Amino acid sequence: MLECGLLKSEQRSNRLYYFLNKRYLYFQELQRIVMKTTGLGKKIRKFRRKLGDINYVVFTGAFVNQEKLNKDELDILVIGAIVLPELEALIKAEEKTFGREINYAVLENEEFEFRKARRDPFIMEAMYGVRVMIIGDELEFCHRELPTI
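Residues numbered from 1 in each chain as written. Predicted model: local features only at pLDDT ≥ 70, side-chain atom pairs only at ≥ 80, totals over all residues. Heavy atoms only, no water.

Draft legend 1. Layout of the layout of surface pockets. Empty space within the largest pocket amounts to approximately 260 Å³. If you trace the largest pocket, you find 16 residues lining it, with Met35, Phe63, Val64, Gln66 and Phe98 closest to the centre. Those elements that provide at least two residues to the lining of the largest pocket are α1 (27-37), α2 (39-46), α3 (61-64) and α4 (84-98). Among the elements that line the lining of the largest pocket, the one with the most residues is α1, at four residues. Of the residues assigned to the lining of the largest pocket, the class counts are eight nonpolar, six polar and two charged. When its volume is computed, the second largest pocket comes out at roughly 200 Å³. Contributing to the lining of the second largest pocket are 12 residues, with Thr60, Glu73, Leu74, Glu125 and Ala126 lying nearest its centre. (1 Å grid on protein atoms, 1.4 Å probe; cavity = no way out; pocket = protein on both sides within 12 Å on 5 of 7 lines; lining within 4 Å. Points joined across faces, edges and corners; volume = space filled by probe spheres on them. Helix = DSSP H or I, 4+ residues; strand = E, 2+ residues; numbered from the N terminus. Nonpolar A, V, L, I, M, F, W, Y, C, P; charged D, E, K, R; others polar.)

As structure tokens, then:
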């Protein structure tokens, strides 16, 4: 792993420390796989049917990189007909593990499409910022049908 560049090492005193190289060519792809197969991403995928009819679940880059957010910044965007108490329970459990409040928004499909068509800044930030799609297709998420003339 050192040879291919995924890991870096650093010697301090009589110890050798290893850490991930964030400049590794496939770092973001590996990060996406980890987000989908562990923690909250895994739970959402596992309990997908119990959570309702989910079209998209998007983790923002700040959430993926575990950055501290301002109060109005978003961690997770969920789109579909969602069973809110079930989603809330999953997120509350993850907040204890995560060590901070997780900011999430739930939108019905119609509201999402309406706000996307109006280029709502809240939606545009989620669409064009750094993100990890946990459920849904990237192209469908960003695709915007142009009005016919």
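Draft legend 2. Inspection of α4 at higher detail. Between its terminal C-alpha atoms α4 stretches 20 Å, which fits the 21 Å expected from 15 residues at 1.5 Å a residue. Every buried residue of α4 is accounted for by Leu87, Leu90, Ile91, Glu94 and Glu95. One side of α4 carries all its buried residues, which in axial view fall inside an arc of 145 degrees. Set apart from the buried face of α4 by more than 90 degrees, the exposed residues are Pro85 and Lys96. Elements in contact with the buried residues of α4: α2, β4 (76-82) and β5 (104-107). (Expected span 1.5 Å × (residues − 1). Buried < 20%, exposed > 50% of the residue type's maximum accessible area, 1.4 Å probe, protein only. Arc of directions from axis to C-beta. Contact = heavy atoms within 4.5 Å.)

Everything listed here is a matter of coordinates, which is why it stays silent on function.
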